[in-house]
Amino acid sequence: MNRRRVGADKECLAAAFLESRGVSILERNYRSRSGEIDLVGRDGEYLVFIEVKYRAGVRMGHPEEAVGYAKQKQICRVADYYRLVRQLPVQTAIRYDVVAIEGEEIRWVKNAFPHHYR
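Anyway, here's the lowdown on the structure attached to this text.

Here is what the cut-offs are and how they apply
Residues numbered from 1 in each chain as written. Predicted model: local features only at pLDDT ≥ 70, side-chain atom pairs only at ≥ 80, totals over all residues. Heavy atoms only, no water. Helix = DSSP H or I, 4+ residues; strand = E, 2+ residues; numbered from the N terminus. Buried < 20%, exposed > 50% of the residue type's maximum accessible area, 1.4 Å probe, protein only. Contact = heavy atoms within 4.5 Å. Core = buried A, V, L, I, M, F, W, Y, C linked by side-chain atoms within 4.5 Å. Expected span 1.5 Å × (residues − 1).

Focus: unusual backbone geometry
Next up, step 1: For Gln87, which is not glycine, the phi torsion reads 55 degrees and is therefore positive.
Next up, step 2: Mapped onto the fold, Gln87 is located in the loop between helix 2 (69-85) and strand 4 (94-102).
Next up, step 3: Looking at Gln87, the relative accessible area reads 70%, which means it is exposed.
Next up, step 4: Even without a glycine there, the phi angle at Asn111 is positive, about 50 degrees.
Next up, step 5: Position of Asn111 among the secondary structure elements: in the segment after strand 5 (105-109).

Focus: the environment of Ala79
Next up, step 1: Summarising the element assignment, Ala79 is placed in helix 2.
Next up, step 2: Between the C-alpha atoms of Ala79 and Gly41, which are 38 residues apart in sequence, the distance is 12 Å.
Next up, step 3: Not counting the four nearest positions on each side in its chain, Ala79 is found in contact with Ile37, Phe49 and Tyr96.

Points about the nonpolar core
Next up, step 1: Ile37, Val40, Phe49, Ile75, Tyr82, Tyr96 and Phe113 are the most contacted members of the largest nonpolar core, which totals 14 residues.
Next up, step 2: Looking at this core, the elements with two or more residues in it are strand 2 (35-43), strand 3 (46-55), helix 2 and strand 4.
Next up, step 3: Top element by residues in this core is helix 2. It accounts for five residues.
Next up, step 4: Of all hydrophobic cores here, the second largest spans 13 residues; its members include Leu39, Val48, Ile50 and Ile101.

Comments concerning helix 2
Next up, step 1: Taking 1.5 Å of rise per residue, 17 residues should cover 24 Å, and helix 2 covers 24 Å from first to last C-alpha, within 8% of that figure.
Next up, step 2: Where helix 2 is concerned, the buried positions are Gln72, Ile75, Cys76, Val78, Ala79, Asp80, Tyr82 and Arg83.
Next up, step 3: Contact partners of the buried residues in helix 2: strand 1 (24-32), strand 2, strand 3 and strand 4.
Next up, step 4: After helix 2 finishes, the residue Gln87 shows a positive phi value of roughly 55 degrees.

Purely spatial values, then, with no claim about function.
As structure tokens, then:
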């Protein structure tokens, strides 16, 4: 199985996991010129931008560790564009989450990082 297919499968797994916990998935693989956000969802009052990371084991580190500062900034830029295009109010409550999949274990890190301004 190729990496792209594995990634798509893990994103589907993450989406199902989140939905089972009350998150409504609004978008999958939202793309802009600045990059991509794996999942966009609604969790109560929050519009949630979700990065999904998978590792088969810890040899390469834990999956959530792969969401470094540069990746966070990229996600924030795409989230800003998403809100602009959707004409969402500035005061819309947002959150950045990471779903880390390590082997068969799934961890949901809510509010994994703050919004990074340009």
